[in-house]
Amino acid sequence: MFTNRFLFIRRLPTFIIVWRHNLINPITQISTSHSQELYNWNVAMTQSNKRKTPKNTLVLFDKLITQHSDITPDFITYLLVLGACIRLGNLNEGKRIHEYIQQRWSTTIEKNEEIKIHTCLVQLYATCGDLKTAEEIFYKEHLDQHAIPVNTLMKGYIINNRADLAVQLAECLPKNERNIVTFLLWANAIAQIGDIQMADRIHRELNTLSSSTQSFFAHDRRLINALIDMDGKCGNIIRMEETFKNMKQPDIISFTAMAKAYIVNDLPVKALTVYDHLKHTNQIGCDEVIYLVASNAAGKLGLLSRARSIHDDIISSGIPYETNEKILNTLMDTYGKCGDLNSAREIFDKLKIKSKPSISSMINIYGINSHALEAVALFYETKNNLSGNIQSILLSVLTACAHGGLIREAQKIFDDIPADKRTVKMWNALVDVYGRAGQFSEAHSIIRLFEKTHPRAPVLYISLLAACRIHKNAKLALEIHDELMNSNISLTDDQRSAIVVLTANVYSSIGDHDRSLILRQNLYRNKIPKYSGVTWTEINGKMYEFYAQDIRHPQSKEIYEQLEILHEQLIKLGYQPNESVLTKNEINVEWSIYGHSERLAIAFNLISTPPGTTIYLTKNLRMCIDCHEVSKLIARLTQREIIARDKLRIHYFTKDGRCSCDDHF
């Protein structure tokens, strides 16, 4: 919600076309222009652009060419009027000016002036989304060997989500032509892609520069901030921290980039540490963006106390947040993820204008908090007042229906969506609704219906595979696994990992551990990443994190002793470990399962807090079936409420041994 992909790019428009501002100077033009009148017109247009009134620049240009035909515009005039079109993002006006220039192109314009005009045209078309025309001009005029035109097109590629092409341009530009802006945009492009190998390459290129150039670059805060942002988004946290550590004078953007990277890389505790540093050192201070980042981190951790504290900090800062939709939406989302429905709804009701993101967020909040009926009610309450693209709202309400087991409601909402407006995610949500309910035939029918008019989408089958795990349908699971893994369908590493792990879990659930082990061995052999689960819990204002079979905690001995006591009590209640959740061929099955991260966190709470204290947990992945069942039993045994936030929703385990999700998870 707070992410700005173009955090650094947006600060560059005047820097990229640096010659435009150096040369569009009324004083320097007097000596070169034979027309005092043209000079006056150019001065007026320059002032108009400086006053940020580009529409007036266009008016002046039209007056010049229609009422003063004896005055011939020069290249400075063209740059000024094209600059106004770029500021306005007005492609139609830009095309009109371009056509006028082509018809009156003067042979007296020098080569370097032609390059400037063509570069400005590239910027115009690229900024307005017409990459095809921008590329035609760029390559026709052989601009690919000059830094400023290359930088201009790179920026156009990035803002049009073609960062891959921006990287190609940077790599093809002769090394002696690259300047600091080239590297800055290059880093931004790689950050958008998130490719760690590309990030390694740009660092190698920087290291080949002369020592004087490296020293100059090291003092450019914008470039260093871009490198921090890039490494963070590419997952190289160690190098990101090292770059930050070596910064001469980090600013608020440096700290914010770090905090954002920590959240992206599942390190929200570190993100809050950055925020606390800014808050308490008082050297730089906090701005709106860092408040949004900190609030998001608190939401990821499910820390209601921190959410309220950050809310208070925003109020104390003097930022007029009550009229700031971005801040209100973030606070609402944070409260919702922390399980405080009342505060989330209170903020929603305060919104003067309930925008689509606000409505979508509130519906999603109801969904993750097991209030699916309220989510559907809000959808119908606001539906008639909405127009245009409401895809995010539709997806939120369908997902809420899936979490709440509302099959009929989901089908009705889906049927009302025009066929050409149904996205893959919407189809997937409907498959999920039927899959969670164990209605495999209906879920399969939906997939077949989808494939009549769309190419095959692996995500639909993965949702069905997840349902196979819940309902132990090994036959269908193997069919899906073989079909996806042995076909020519393009799969991401995450998808491959999900397919293998889910299928292996299904086989474990029916006792076929040999086949489960073979699948997992293939996973490791092919080096497909499987992400580690981590559970966070807060006790007396301090955050603790646990991984599976974690022994790092100073009280590990007491934690495992508490787990043994719990395990004996659970067995007496008839509990049998669900072996489907095993991640490897463990000799001691019970040890493997009861050492899961969420159980370690629960045990630590039991030995660290008074009886009856509510236990709060947050996990970065979905809670496994066995831990979900055990959490219900522990809540009943200890007479404590357990509120566990996982990747998809919040589970409220009550003292009578039930969960708010009714096992739809």
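Please read all numbers here as calculations on a predicted model, not as lab measurements.

### Some remarks on the UniProt feature "repeat: PPR" (unreviewed entry) in the chain
And then number 1: The UniProt record annotates "repeat: PPR" (unreviewed entry) at residues 324–358.
And then number 2: In the segment residues 324–358, helix accounts for 74% and strand for 0%; the C-alpha atoms at its two ends are 12 Å apart.

### A few points about the nonpolar core
And then number 1: Counting 176 residues, the largest nonpolar core has Ile190, Met230 and Met362 as the members making the most contacts within it.
And then number 2: The residue makeup of this core includes at least three contributed by each of domain 1 (263–275 + 283–347) and domain 2 (354–454).
And then number 3: With residues near it in sequence (within four places) discarded, Ile190 still touches Val167, Asp195, Met198, Ala199, Ile202, Met230 and Cys234.
And then number 4: The next biggest cluster of nonpolar side chains, apart from the first, holds 31 residues, and it includes Phe604, Ile615, Met623 and Ala635.

### Points about the sheet that holds strand β1 (residues 534–539)
And then number 1: With mixed pairing, five strands are arranged side by side in an open sheet as β2-β1-β3-β4-β5. Both outer strands of the open sheet, β2 (542–547) and β5 (650–653), are each paired with one neighbouring strand and no more. Neighbouring strand axes in the sheet, compared pairwise and without regard to direction, differ in orientation by 20° on average.
And then number 2: Examined bridge by bridge, β1 and strand β3 (residues 615–619) share two bridges and lie antiparallel to one another. Within β3, the residue paired with Thr535 across the bridge is Lys619.
And then number 3: Sheet strands in contact with helix α35 (residues 597–608) are β1, β2, β3 and β4 (642–645), and its direction is about 15° off that of β1.

### Some details on the packing of helix α24 (residues 372–383) against helix α25 (residues 391–404)
And then number 1: In the contact formed by α24 and α25, the axes pass within 8 Å of each other and the chain directions differ by 155°. Taken together, the axis directions place α24 and α25 in an arrangement best described as roughly antiparallel. α25 is crossed by α24, and the crossing has left-handed handedness. Where α24 abuts α25, its residues Ala372, Ala375, Val376 and Phe379 lie against Ile393, Leu394, Val397, Ala400, Cys401 and Gly404.

### Brief notes about the pattern of salt bridges
And then number 1: Applying the stated criterion across every chain, the model contains 30 salt bridges.
And then number 2: One salt bridge in this structure joins Arg201 and Glu171, with 3.1 Å as the shortest N-O distance. With Arg201 in helix α13 (residues 196–207) and Glu171 in helix α11 (residues 163–172), this residue pair connects regions lying 30 residues apart in the sequence.
And then number 3: Given a relative accessible area of 31%, Arg201 falls into the partly exposed group.
And then number 4: Between Asp416 and Lys412 there is a salt bridge, with its nearest N and O atoms 3.4 Å apart.
And then number 5: Of the residues examined, Asp416 reaches a relative accessible area of 42% and is grouped as partly exposed.
And then number 6: Classification of Lys412 by relative accessible area gives partly exposed; the value is 46%.

### Quick look at the side chain of His553
And then number 1: Here His553 lies in the loop between β2 and α33 (556–572).
And then number 2: By relative accessible area, which is 16% here, His553 ends up buried.
And then number 3: Polar side-chain contacts of His553 include one of 2.9 Å to the backbone nitrogen of Gln555.
And then number 4: With residues near it in sequence (within four places) discarded, His553 still touches Tyr544, Phe546, Ile559 and Phe604.

### Considering the domain arrangement of the chain
Accessible area lost upon the coming together of the parts serves often as the stated size of an interface.
And then number 1: For the chain, the assigned domains are domain 1 (263–275 + 283–347), domain 2 (354–454) and domain 3 (534–659).
And then number 2: Relative placement of domain 2 and domain 3: their C-alpha centres are 32 Å apart.
And then number 3: The interface of domain 2 with domain 3 comprises six residues on the first partner and five residues on the second.
And then number 4: Summed over both partners, the interface of domain 2 with domain 3 comes to about 560 Å²; 37% of that surface belongs to carbon and sulfur atoms.
And then number 5: When the area that domain 2 buries against domain 3 is broken down by residue, the three leading residues are Ile368, Asn369 and His403, summing to 73%.
And then number 6: Summed over the shared surface of domain 2 and domain 3, the number is four residue pairs in polar contact (both at pLDDT 80 or more).

### Considerations on the pairing of β3
And then number 1: Of all five residues in β3, four are buried; the element is thus mostly enclosed.
And then number 2: Alignment of β3 against β4, held across four bridges, turns out to be parallel. Across the sheet, residue Thr618 finds its bridge partner in β4, namely Arg645.
And then number 3: Once the chain exits β3 it traverses helix α36 (residues 625–638) before rejoining the sheet at β4, and the crossover so formed is right-handed.

### Things to note about the environment of Asp420
And then number 1: With respect to the element layout, Asp420 can be found in the loop between α26 (407–415) and α27 (424–436).
And then number 2: Considered as a pair, Asp420 and Val506 are 86 residues apart in the sequence and their alpha carbons are 35 Å apart.

### Re the packing of aromatic side chains
And then number 1: Scanning the entire structure with this criterion turns up 13 aromatic pairs.
And then number 2: Taken together, a centroid distance of 5.0 Å and an interplanar angle of 75° make the contact between Phe244 and Phe255 edge-to-face. With Phe244 in helix α16 (residues 237–245) and Phe255 in helix α17 (residues 252–264), this pair connects stretches of sequence that are 11 residues apart. With respect to class, Phe244 is no different from Phe255; both count as buried.
And then number 3: Arranged with centres 4.9 Å apart and planes meeting at 75°, the rings of Phe414 and Trp427 form a pair that is edge-to-face. You can see Phe414 sitting in helix α26 and its partner Trp427 sitting in helix α27, a full 13 residues away along the chain.
And then number 4: Residue Phe414 is classed as buried on the basis of its relative accessible area of 2%.
And then number 5: Members of the aromatic cluster, connected to one another through ring pairs, are Phe183, Trp186, Phe216 and Phe217.

So, how was this worked out
- Residues numbered from 1 in each chain as written.
- Predicted model: local features only at pLDDT ≥ 70, side-chain atom pairs only at ≥ 80, totals over all residues.
- Heavy atoms only, no water.
- UniProt positions renumbered as here; feature names shortened; annotations may be inferred.
- Helix = DSSP H or I, 4+ residues; strand = E, 2+ residues; numbered from the N terminus.
- Core = buried A, V, L, I, M, F, W, Y, C linked by side-chain atoms within 4.5 Å.
- Buried < 20%, exposed > 50% of the residue type's maximum accessible area, 1.4 Å probe, protein only.
- Domains from an automatic or database assignment.
- Contact = heavy atoms within 4.5 Å.
- Pairing = 2+ DSSP bridges.
- Axes fitted to C-alpha atoms, helices over the stretch in contact; angles between N-to-C directions.
- Parallel < 35°, antiparallel > 145°, perpendicular 65-115°, else oblique.
- Left-handed = near helix turned anticlockwise from the far one by under 90°.
- Salt bridge = Lys/Arg side-chain N within 4 Å of Asp/Glu carboxyl O.
- Polar contact = N/O pair within 3.5 Å; in protein donor to acceptor, adjacent residues only side chain to side chain.
- Buried area = accessible area lost by both parts, 1.4 Å probe.
- Right-handed = clockwise from strand over helix to strand, strands pointing away.
- Phe/Tyr/Trp six-rings, centres within 6.5 Å; stacked < 30°, edge-to-face > 60°.

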